Amino acid sequence: QVLLVESGGGLVQAGGSLRLSCAASGRTFSNYAMGWFRQAPGKEREFVAGITWSGGSTSYLDSVEGRFTISRDNAKNTVHLQMNSLKTEDTVVYYCAWGQSRVIVRDSAGYGYWGQGTQVTVSS
(Lines give C-alpha, C1' and ligand atoms only; values in the text may rest on other atoms or scores of the structure.)
Protein backbone atom coordinates (compact mmCIF):
# COMPACT_ATOMS: atom_id res chain seq x y z
CA GLN A 1 0.00 0.00 0.00
CA VAL A 2 1.38 3.37 -1.04
CA LEU A 3 1.29 5.91 1.74
CA LEU A 4 2.40 9.53 2.06
CA VAL A 5 2.23 11.16 5.47
CA GLU A 6 2.89 14.88 5.84
CA SER A 7 3.87 16.66 9.00
CA GLY A 8 5.18 20.05 10.07
CA GLY A 9 2.30 22.36 9.27
CA GLY A 10 0.99 24.86 11.77
CA LEU A 11 0.61 28.50 12.67
CA VAL A 12 3.43 30.98 12.19
CA GLN A 13 3.78 34.74 12.01
CA ALA A 14 4.54 36.47 8.73
CA GLY A 15 8.28 36.38 8.10
CA GLY A 16 8.67 33.14 10.00
CA SER A 17 9.61 29.66 8.87
CA LEU A 18 8.15 26.19 8.77
CA ARG A 19 9.53 22.88 7.55
CA LEU A 20 7.13 20.38 6.05
CA SER A 21 8.10 16.73 5.88
CA CYS A 22 6.59 13.83 3.98
CA ALA A 23 7.29 10.19 4.76
CA ALA A 24 6.71 7.81 1.87
CA SER A 25 6.21 4.08 1.77
CA GLY A 26 4.83 1.35 -0.47
CA ARG A 27 6.99 1.72 -3.59
CA THR A 28 10.63 2.43 -4.44
CA PHE A 29 10.94 6.03 -3.32
CA SER A 30 14.14 6.84 -5.19
CA ASN A 31 12.71 5.88 -8.59
CA TYR A 32 10.36 8.84 -8.79
CA ALA A 33 10.22 12.59 -8.66
CA MET A 34 8.37 14.19 -5.76
CA GLY A 35 6.34 17.34 -5.51
CA TRP A 36 4.63 19.71 -3.12
CA PHE A 37 1.34 21.30 -4.09
CA ARG A 38 -1.06 23.59 -2.28
CA GLN A 39 -4.74 24.24 -2.55
CA ALA A 40 -6.95 27.03 -1.29
CA PRO A 41 -10.69 26.49 -0.84
CA GLY A 42 -12.52 26.70 -4.15
CA LYS A 43 -9.30 26.83 -6.18
CA GLU A 44 -7.32 24.31 -8.18
CA ARG A 45 -4.35 22.55 -6.69
CA GLU A 46 -1.21 24.56 -7.41
CA PHE A 47 2.33 23.31 -7.99
CA VAL A 48 4.71 24.69 -5.36
CA ALA A 49 7.95 22.75 -5.77
CA GLY A 50 9.30 19.59 -7.36
CA ILE A 51 12.46 17.53 -7.16
CA THR A 52 13.83 14.85 -9.47
CA TRP A 53 14.39 11.26 -8.38
CA SER A 54 18.04 11.92 -7.49
CA GLY A 55 17.53 15.34 -5.99
CA GLY A 56 19.77 16.80 -8.64
CA SER A 57 17.22 19.22 -10.03
CA THR A 58 14.42 21.27 -8.51
CA SER A 59 11.66 23.54 -9.75
CA TYR A 60 9.54 26.15 -7.98
CA LEU A 61 6.45 28.27 -8.33
CA ASP A 62 7.62 31.79 -9.14
CA SER A 63 6.07 33.29 -6.02
CA VAL A 64 8.01 30.96 -3.69
CA GLU A 65 11.34 30.93 -5.56
CA GLY A 66 14.10 32.02 -3.18
CA ARG A 67 11.92 31.49 -0.10
CA PHE A 68 11.11 27.76 -0.27
CA THR A 69 13.54 24.87 -0.68
CA ILE A 70 12.59 21.31 -1.53
CA SER A 71 14.93 18.46 -0.62
CA ARG A 72 14.80 14.70 -0.34
CA ASP A 73 16.55 11.93 1.55
CA ASN A 74 16.33 8.72 -0.47
CA ALA A 75 17.84 6.70 2.36
CA LYS A 76 14.98 7.72 4.66
CA ASN A 77 12.21 7.90 2.03
CA THR A 78 11.39 11.46 2.95
CA VAL A 79 10.93 14.76 1.17
CA HIS A 80 10.97 18.14 2.83
CA LEU A 81 9.84 21.66 2.08
CA GLN A 82 11.67 24.36 3.98
CA MET A 83 9.56 27.51 3.90
CA ASN A 84 11.18 30.80 4.92
CA SER A 85 9.95 34.39 4.86
CA LEU A 86 6.39 33.18 4.95
CA LYS A 87 3.62 35.50 3.82
CA THR A 88 -0.06 35.55 4.67
CA GLU A 89 -0.84 34.49 1.11
CA ASP A 90 1.01 31.21 1.77
CA THR A 91 -1.86 30.22 4.05
CA VAL A 92 -3.38 27.08 2.50
CA VAL A 93 -3.28 23.30 2.76
CA TYR A 94 -0.06 21.76 1.43
CA TYR A 95 0.10 18.31 -0.16
CA CYS A 96 2.98 15.97 -0.80
CA ALA A 97 2.77 14.07 -4.10
CA TRP A 98 4.58 11.08 -5.57
CA GLY A 99 5.43 11.39 -9.21
CA GLN A 100 4.91 8.90 -12.01
CA SER A 101 8.38 9.34 -13.48
CA ARG A 102 11.85 10.54 -12.58
CA VAL A 103 11.37 14.05 -13.95
CA ILE A 104 9.54 17.01 -12.43
CA VAL A 105 6.03 17.64 -13.67
CA ARG A 106 4.31 20.89 -12.71
CA ASP A 107 0.82 19.53 -13.39
CA SER A 108 -1.03 17.59 -10.71
CA ALA A 109 -1.95 15.01 -13.37
CA GLY A 110 1.67 13.88 -13.28
CA TYR A 111 1.33 12.55 -9.74
CA GLY A 112 -0.39 9.32 -8.81
CA TYR A 113 -0.31 9.41 -5.04
CA TRP A 114 -1.07 12.15 -2.56
CA GLY A 115 -0.77 12.77 1.14
CA GLN A 116 -3.65 13.86 3.31
CA GLY A 117 -2.50 17.47 3.41
CA THR A 118 -1.19 19.70 6.17
CA GLN A 119 -2.51 23.15 7.02
CA VAL A 120 -0.15 26.09 7.00
CA THR A 121 -1.46 29.33 8.49
CA VAL A 122 0.56 32.53 8.36
CA SER A 123 -0.69 35.36 10.54
CA SER A 124 0.01 39.04 9.98
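Note: the structure precedes this text.
Residues numbered from 1 in each chain as written. Predicted model: local features only at pLDDT ≥ 70, side-chain atom pairs only at ≥ 80, totals over all residues. Heavy atoms only, no water.

## Considerations on the overall build of the protein
Next, step 1: Assigned secondary structure in the protein consists of 0 helices and 11 strands.
Next, step 2: Seen in sequence order, the protein has helices and strands lined up from the N terminus as β-β-β-β-β-β-β-β-β-β-β.
Next, step 3: Against the 2.2 N^0.38 benchmark of 14 Å for 124 residues, the protein shows a C-alpha radius of gyration of 13 Å, consistent with a compact globule.
Next, step 4: A burial count over the protein gives 42% of its 124 residues as buried. (Helix = DSSP H or I, 4+ residues; strand = E, 2+ residues; numbered from the N terminus. Rg over C-alpha atoms; globule rule 2.2 N^0.38 Å. Buried < 20%, exposed > 50% of the residue type's maximum accessible area, 1.4 Å probe, protein only.)

## Comments concerning the pattern of salt bridges
Next, step 1: In this structure the tally under the stated criterion is 3 salt bridges.
Next, step 2: Across the pair E46 and R38 runs a salt bridge whose closest N-O atoms are separated by 2.9 Å.
Next, step 3: A residue is classified by how much of its surface remains accessible, and R38, at 7% relative accessible area, is buried.
Next, step 4: Residues D90 and R67 are paired through a salt bridge, measuring 2.8 Å at the closest nitrogen-oxygen approach. Taken together, the residues D90 in the loop between β8 (78–83) and β9 (92–99) and R67 in the loop between β6 (58–60) and β7 (68–73) connect sequence positions 23 residues apart. The two residues D90 and R67 agree in class, both being buried.
Next, step 5: Shared partners join several salt bridges into a network, and the residues in it are R38, E46, R67 and D90. (Salt bridge = Lys/Arg side-chain N within 4 Å of Asp/Glu carboxyl O.)

## A short note on the sheet that holds strand β1 (residues 3–7)
Next, step 1: One open sheet holds the 4 strands; their spatial order is β1-β3-β8-β7, and the pairing between them is antiparallel. Lying at the two open borders of the sheet, with one neighbouring strand each, are β1 and β7. Neighbour-to-neighbour, the strand axes of this sheet turn through a mean angle of 15°, independent of strand direction.
Next, step 2: One ladder, built from 6 bridges, connects β7 with β8; its direction is antiparallel. Bridge pairing in β8 places R72 opposite V79. (Pairing = 2+ DSSP bridges. Axes fitted to C-alpha atoms, helices over the stretch in contact; angles between N-to-C directions.)

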